[in-house]
Amino acid sequence: MRDTPASPSFWRSPLRGPWFTSVLGLVLLLGITVLFVTGLVSYAAYNPDLSRINDKTPDKGLLGFYLFAWPTDPHWLYRLTQGVHVTLGVTLIPVLLAKLWSVVPKLFALPPARSLTHALERVSLLLLVGGGLFEFVTGVLNVQLDYLFPGSFYPLHFYGAWVFFAAFVAHAVLKVPAAVRNVRKAREEGELVASRPDPPTVSRRGALWFVGGGSLLLFGTTVGQGFDGPLRRTALLAPHGGADPASGPNGFQINKTAAYAGIDRAETAEDAWRLVVVGRAGRTVRLGRTELTQLPLYSSALPIACVEGWSTSDQWWRGVRLRDLAALVDLPAEGDDPPDVLVESLQRRGAFRRAALRGNQVADPRSLLALYVNGEPLSADHGYPARVIVPAAPGVLNTKWVARLTFGKV
Ligand SMILES: Nc1nc2c(c(=O)[nH]1)N[C@H]1C(S)=C(S)[C@@H](COP(=O)(O)O)O[C@H]1N2
Ligand SMILES: [Mo]
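This one's a predicted model, so the numbers in the text were calculated from it and none came from an experiment. (Residues numbered from 1 in each chain as written. Chains lettered and ligands numbered in written order. Predicted model: local features only at pLDDT ≥ 70, side-chain atom pairs only at ≥ 80, totals over all residues. Heavy atoms only, no water.)

Notes on helix 2 (residues 77-91)
Structural remark: α-helix, 3.6 residues per turn; residues separated by three or four positions point the same way. Helix length check: helix 2 (15 residues) gives 21 Å between terminal C-alpha atoms against 21 Å at 1.5 Å per residue, within 8%. Of all 15 residues that make up helix 2, 12 are buried, and the element is covered over most of its length. Of the residues making up helix 2, those classed as buried are Leu77, Tyr78, Arg79, Thr81, Gln82, Gly83, His85, Val86, Thr87, Gly89, Val90 and Thr91. (Helix = DSSP H or I, 4+ residues; strand = E, 2+ residues; numbered from the N terminus. Expected span 1.5 Å × (residues − 1). Buried < 20%, exposed > 50% of the residue type's maximum accessible area, 1.4 Å probe, protein only.)

This is the structure in structure tokens:
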């Protein structure tokens, strides 16, 4: 009789066995838990419960139970959580693939179901394997290709995460006790062990080093995207790694250029551009760039930290405090909560046009409508004539080419 993948003797690798699978499983137990938590945190950082404008997953219902007002301290918070999320996700790819390889005979085992519980177990494994692959693939595609799924990456990755993690928790509850025993046991036995093994070409430990080496290589070519200077040049795999776009005060990473966003120079010229600021009672002021520079100006050292995992180190922004702009159009009564703000961009092309910020972000004295960066006027690509910069917020909330600020409930 010829061997088929359904017969145990088809699988010959002497590496397969409970030890190898269990070691990888325990690494994933820790890693995927951190990915899930930092992923939920990343979603909370958008302040989706503040406004439909920020909400990338409007039908999340109960799954948004944990949302909270995203803080402004420490100012590098999102840089850290999202850097960890993306870098760890990339680093775990070899571990995930090795884990799947180590249990692949089980996927082919026949009959598909011996009993109702066995059938349920296999369905949960389908959710686990399918959900895991789905999360890693959508994550990598979003980081590498930006927006392959226009507008729909967030719901896919968010719902996928819940399905995957539910299956993951069930799997962990069932398997962790045995996995802990397996890594200690000297003798290999059980269904994963090949019944007619080929002679080994590498030891189990050697294979583990191979997987770990792959992870280390991915880590080493990704992690630099969260730093400036020579470290960024080591981030060969990251779209925002390699090198900074130019030298000089505006020479740090650019997400979308002015040309990409369709910003017309005539619209941002000194005599054309006016910032419109609207208060709660509808009071409106219009300010040109020169008038803005005559208001009290403040400096804040803040990074840009993108959902794609890359970030810059702190840049020196200088501009008008958002709370001072609010005070221009509003005389808040004693005890009033600071107002939220809707920020709208000049931009008409592409997905991005507006973002909502919460009162705590407006009230923070480091939150600016920036006019300068590192001692020079903003470049067109970094948002000239004016952009928002808020401590600890995801990059996407730092709107460039600002046209209008509307304070009050958003
Ligand atoms: N108007 C506008 N503002 C924008 C964007 C955009 O595409 N259009 N991109 C956002 C995103 S996703 C990020 S990460 C930051 C990047 O800022 P930078 O290009 O100055 O580094 O700008 C944000 N502000
Ligand atoms: Mo971003």
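Resuming the write-up.
Some thoughts on the pattern of salt bridges
Once the charged atoms of two side chains with opposite charge are near each other, the side chains can pair. This structure, assessed with the given rule, holds 17 salt bridges. Where glutamate 191 meets lysine 106, a salt bridge forms, and the shortest distance between an N and an O atom there is 3.5 Å. Highlighted residues: glutamate 191 in the loop between helix 5 (153-184) and helix 6 (204-220) and lysine 106 in helix 3 (residues 93-108), separated in sequence by 85 residues. A residue is classified by how much of its surface remains accessible, and glutamate 191, at 66% relative accessible area, is exposed. (Salt bridge = Lys/Arg side-chain N within 4 Å of Asp/Glu carboxyl O.)

Some remarks on the environment of cysteine 306
Secondary-structure assignment places cysteine 306 in the loop between strand 3 (298-302) and strand 4 (315-321). Expressed as a C-alpha distance, the spacing of cysteine 306 and valine 396, which sit 90 residues apart in the sequence, is 6.8 Å. The contacts of cysteine 306, once residues within four sequence positions are left out, are Tyr78, Gln82, Asn255 and Gly395. (Contact = heavy atoms within 4.5 Å.)

Some remarks on the sheet that holds strand 2 (residues 284-287)
The mixed open sheet is built from 5 strands, whose spatial order is 2-1-10-5-6. Every other strand in the sheet has two partners, leaving strand 2 and strand 6 (354-357) as the edge strands with one partner each. Each strand axis lies, on average, 15° off the axis of its neighbour in the sheet, ignoring direction. The sheet contact formed by strand 1 (residues 275-278) and strand 2 spans 4 bridges and is antiparallel. Bridging from a neighbouring strand, valine 277 pairs with valine 285 of strand 2. Docked against the sheet, helix 9 (residues 322-329) engages strand 1, strand 2, strand 6 and strand 10 (402-407), running at close to 65° with respect to strand 10. (Pairing = 2+ DSSP bridges. Axes fitted to C-alpha atoms, helices over the stretch in contact; angles between N-to-C directions.)

Re the environment of tryptophan 310
Inspection of the secondary structure puts tryptophan 310 in the loop between strand 3 and strand 4. Through-space distance from the C-alpha of tryptophan 310 to that of alanine 235 is 9.7 Å; in sequence the pair is 75 residues apart. Sequence-distant contacts of tryptophan 310, that is, excluding residues within four places in its chain, are made with Gln225, His240, Gln253, Asn255, Ile304 and Ala305. Side chain to side chain, tryptophan 310 and glutamate 308 meet in a polar contact 3.3 Å long. (Polar contact = N/O pair within 3.5 Å; in protein donor to acceptor, adjacent residues only side chain to side chain.)

Shape descriptors only; they carry no functional weight alone.
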